[in-house]
Amino acid sequence: MAKGVRRMKLILALLLMLCTLPHPARAQSTNQKPFFSKPILLGAHRGGSDQWPENTLYGFQEVARAHPGVLLETDARLTSDGSVVLLHDKKVDRTTNGAGEISAMTLAQVKALDAGHRFSTDNGATFLHRGKGLTIPTLKEVLDALPSSHILVELKGEPALADAAIAIIREANSEDRVLLASFVPPTMDRARQLAPAMAYCFDMKNGTSLLMALRGPKWADYAPQADVLSVDRGMVAQYNLTQDEIKKMQAKGIRFQVHTINDPAQLKEFVGQGVDSILTDNPS
């Protein structure tokens, strides 16, 4: 038992070292956006949804307290009255005591829901966060409550969401600490049009262009169209992305992020490959 504890402490010490050591490929980067002024290796997916009620202000505050400097990952949607709230699903059913699509609800209706109602860490035996006042937060609430945290926000909606989100980010003076992502290319196009100096993930359109250039004859001439390539473990295998290719992207200033990794062996594998960021549901 003592040997196992010592081995785990050694692994954790090595991971912390890797978080703070300068990355050799990153040193060549021409990408100096302020968002990347500190390491983003540890990312809490939906605020660490295995440990705390997902996408709640409480969860974000708890993970930030437990792991100072952690990258917070979340999802943004619009309510019917144009408020930007943080929720992954189209519907509120899975995480709250309510039902229906978020886009059909006003902010007041959203705020009446219990965002801790369905969260359990013991397969539904207990629900310790029910009735504790946890609500679906607005983007503004999280930015205001965590002024020193870096946040990855996935925009889950059409271009109007980009307009609303960027207005809030600017009002909170947070353009230098928010990384934007979306699976909707027009939404990303609109965001980049409004705030070209912010940090962005590749979308499906320019991500495809990146991979084609990476494996083509003119890689030396390729100019990155975004800042972070965020892929899941299946895509790494599907596209057979190699450690050498990751380094080539990093040498051009592209950060490489993999999600959502909850297995320690897989985490160790990707850290060993020199990835810039790992999103996990279980930051601890």
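The preceding data block contains the structure.
Residues numbered from 1 in each chain as written. Predicted model: local features only at pLDDT ≥ 70, side-chain atom pairs only at ≥ 80, totals over all residues. Heavy atoms only, no water.

Chemist: Help me understand the overall build of the protein chain, please; the structure alone is not making it clear to me.
Modeler: What the protein chain contains, in helices and strands, is 10 helices and nine strands. Here the protein chain holds 284 residues, and 47% of them are scored as buried. Here the analysis covers contacts within the protein chain between residues at least 6 apart in sequence; of these, 64% occur between residues at least 24 apart. Of the accessible surface of the protein chain, which amounts to about 13,800 Å², a share of 56% is contributed by carbon and sulfur atoms. (Helix = DSSP H or I, 4+ residues; strand = E, 2+ residues; numbered from the N terminus. Buried < 20%, exposed > 50% of the residue type's maximum accessible area, 1.4 Å probe, protein only. Contact = heavy atoms within 4.5 Å. Areas by Shrake-Rupley, 256 points an atom, 1.4 Å probe, with all protein chains shown as cover.)

Chemist: Help me out: how do you make sense of the nonpolar core in this one?
Modeler: For soluble globular proteins, nonpolar side chains are generally found buried alongside one another. Counting 54 residues, the largest nonpolar core has Leu139, Leu180, Tyr200 and Phe256 as the members making the most contacts within it. The element that contributes the greatest number of residues to this core is helix α5 (residues 159-171), accounting for seven residues. Sequence-distant contacts of Leu139, defined by excluding residues within four places in its chain, comprise Val84, Val85, Leu86, Val153, Ala165, Ile168 and Ile169. Listed in part, the 11 residues of the second largest apolar core include Phe35, Ala181, Cys201 and Val228. (Core = buried A, V, L, I, M, F, W, Y, C linked by side-chain atoms within 4.5 Å.)

Chemist: Just checking my understanding: could you explain the pattern of salt bridges for this structure?
Modeler: Oppositely charged side chains may form a pair once their charged atoms are brought near each other. The full count for this structure, using the stated rule, is 15 salt bridges. Between Lys33 and Asp227 there is a salt bridge whose closest N-O contact spans 2.9 Å. You can see Lys33 sitting in the loop between α1 (2-20) and β1 (42-44) and its partner Asp227 sitting in the loop between α7 (204-214) and β7 (228-232), a full 194 residues away along the chain. Here Asp227 falls in the buried class, since its relative accessible area comes to 4%. Of the charged contacts in the structure, one is a salt bridge between Lys140 and Asp144, with a shortest N-O distance of 2.9 Å. (Salt bridge = Lys/Arg side-chain N within 4 Å of Asp/Glu carboxyl O.)

Chemist: Which parts of the structure should I look at to understand helix α10 (residues 264-272)?
Modeler: Because each turn of an α-helix spans 3.6 residues, side chains separated by three or four positions in sequence point in the same direction. Near the N-terminus of α10, the side chain that reaches the backbone nitrogen of Ala265, with its oxygen 3.0 Å away, is that of Asp263. Gly274 sits one or two positions beyond α10 and adopts a positive phi of about 85°. (Polar contact = N/O pair within 3.5 Å; in protein donor to acceptor, adjacent residues only side chain to side chain.)

Chemist: Could you clarify how one ought to interpret the packing of α5 against helix α6 (residues 185-194) in this entry?
Modeler: Helices that pack against each other are described as a pair by the angle of their axes relative to one another and the distance between those axes. With their axes 8 Å apart at the nearest point, α5 and α6 run at an angle of 35° to one another. Our pair here, α5 against α6, has a crossing hand that is right-handed. Together, Pro159, Ala162, Asp163, Ile166 and Arg170 of α5 and Pro186, Thr187, Arg190, Ala191 and Leu194 of α6 make up the contact between the two elements. The class makeup of the residues in the contact of α5 with α6 is six nonpolar, one polar and three charged. (Axes fitted to C-alpha atoms, helices over the stretch in contact; angles between N-to-C directions. Left-handed = near helix turned anticlockwise from the far one by under 90°. Nonpolar A, V, L, I, M, F, W, Y, C, P; charged D, E, K, R; others polar.)

Chemist: Is there a simple way to explain α7 in this structure?
Modeler: Asn206, Gly207, Leu210, Leu211, Ala213 and Leu214 are the residues of α7 that are buried. Within α7, the buried residues cover an arc of 165° as seen down the axis, which keeps them to one side. Tucked inside the fold, the buried residues of α7 contact α6, β7 and α9 (243-251). (Arc of directions from axis to C-beta.)

Chemist: How do you make sense of the pairing of strand β5 (residues 178-181) when you look at a structure like this?
Modeler: In summary, the side chains of a regular strand alternate between the two faces of the sheet. Side chains of β5 alternate between two faces, with Val178 and Leu180 and Leu179 and Ala181 buried alike. Strand direction decides the pairing type here: strand β4 (residues 151-155) and β5, joined by four bridges, are parallel. Residue pairing in the sheet places Ile151 in a bridge with Val178 of β5. Regarding the hand of the β-α-β motif, the stretch spanning β4, α5 and β5 is right-handed. (Pairing = 2+ DSSP bridges. Right-handed = clockwise from strand over helix to strand, strands pointing away.)

Chemist: Explain the environment of His45 here, please?
Modeler: Topologically, His45 is positioned in the loop between β1 and α2 (57-66). Residue classification places His45 among the buried positions, given a relative accessible area of 11%. Distance in space between the C-alpha atoms of His45 and Ile278 is 9.0 Å, their sequence separation being 233 residues. Not counting residues within four places of it along the chain, the set of residues in contact with His45 comprises Glu73, Thr260, Leu279, Thr280 and Asp281.

Chemist: Explain unusual backbone geometry here, please?
Modeler: Outside of glycine, negative phi angles account for most residues, and trans bonds account for most peptide bonds. Here the amide bond leading from His259 into Thr260 is cis, since omega sits at -25°, within 30 degrees of zero. As for its position among the elements, Thr260 is in the loop between β8 (255-259) and α10. At Arg46, a residue that is not glycine, the phi angle is positive and equals roughly 55°. With respect to the helices, strands and loops of the structure, Arg46 is situated in the loop between β1 and α2. Within the chain, Asn173 stands out as a residue other than glycine whose phi angle is a positive 55°. Inspection of the secondary structure puts Asn173 in the loop between α5 and β5. The class for Asn173 is exposed, based on a relative accessible area of 68%.

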